[in-house]
Amino acid sequence: MLYVIDDEMFDIWAGTLEGRQARHMNGLVGLELERIMDIANNYKVTTDELNRFAEQSERWWVICPRQNLEGECEGRGYHCRHIHGKPRD
Ligand SMILES: [Zn+2]
């Protein structure tokens, strides 16, 4: 399977790595990258959404369980810690 990873998504994720302790990184990085690539492959995440997501103090690289079919949050909205995106066809 060919993975596409969005440049913007990658940059934001890479930004979250700063400040973490190196000894915790090895296994985690691979798992997170896999999860992000999975999201990028299945959902279209907009720049606005990535910017919103980047501003949250806590971020979970998981598609929001409360988003609608358009990828809009029906949960905490702007303050949601999950990421949102319209499912790709
Ligand atoms: Zn949400």
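Structure first, text after, so check above.
Residues numbered from 1 in each chain as written. Predicted model: local features only at pLDDT ≥ 70, side-chain atom pairs only at ≥ 80, totals over all residues.

**Q** Got a minute to help me understand the overall build of the chain in this structure?
**A** Tallying secondary structure elements over the chain gives three helices and two strands in all. The N-to-C order of helical and strand elements in the chain reads α-α-β-α-β. The buried share among the 89 residues of the chain stands at 15%. Restricting to contacts in the chain with at least 6 residues of sequence separation, those with at least 24 account for 55%. (Helix = DSSP H or I, 4+ residues; strand = E, 2+ residues; numbered from the N terminus. Buried ≥ 20, exposed ≤ 12 C-beta atoms within 10 Å, placed from the backbone. Contact = placed C-beta atoms within 7 Å.)

**Q** Mind showing me how you'd approach the environment of Y78 here?
**A** Note that Y78 resides in the loop between α3 (47-55) and β2 (86-87). Through-space distance from the C-alpha of Y78 to that of Q56 is 8.9 Å; in sequence the pair is 22 residues apart.

**Q** How do you make sense of the nonpolar core when you look at a structure like this?
**A** Among soluble globular proteins, nonpolar side chains are generally buried collectively. The biggest cluster of nonpolar side chains holds nine residues, and these are M9, W13, I36, V45, F53, W61, C64, C80 and I83. Beyond its immediate stretch of four places on either side in the chain, I83 contacts I39, V45, E49, F53, W61, V62, I63 and C64. (Core = buried A, V, L, I, M, F, W, Y, C linked by C-beta atoms within 7 Å.)

**Q** How do you make sense of the environment of A40 when you look at a structure like this?
**A** Residue position: A40 is located in helix α2 (residues 25-42). For A40, a count of 19 C-beta atoms within 10 Å gives the class partly exposed. Distance in space between the C-alpha atoms of A40 and G85 is 9.0 Å, their sequence separation being 45 residues.

**Q** For this particular structure, what's the right way to read the packing of helix α1 (residues 7-17) against α3?
**A** Packed helices, taken two at a time, are described by the angle between their axes plus the distance between the axes. Between α1 and α3, whose axes approach to 10 Å, the crossing angle comes to 5°. Classified by the angle their axes make, α1 and α3 are roughly parallel. For the pair α1 and α3, the contacting residues are E8, M9, I12 and G15 in the first and T47, L50, F53 and A54 in the second. Within the contact of α1 with α3, the residues separate by chemical class into five nonpolar, two polar and one charged. (Axes fitted to C-alpha atoms, helices over the stretch in contact; angles between N-to-C directions. Parallel < 35°, antiparallel > 145°, perpendicular 65-115°, else oblique. Nonpolar A, V, L, I, M, F, W, Y, C, P; charged D, E, K, R; others polar.)

Limitation: the analysis is restricted to geometry and does not speak to function.
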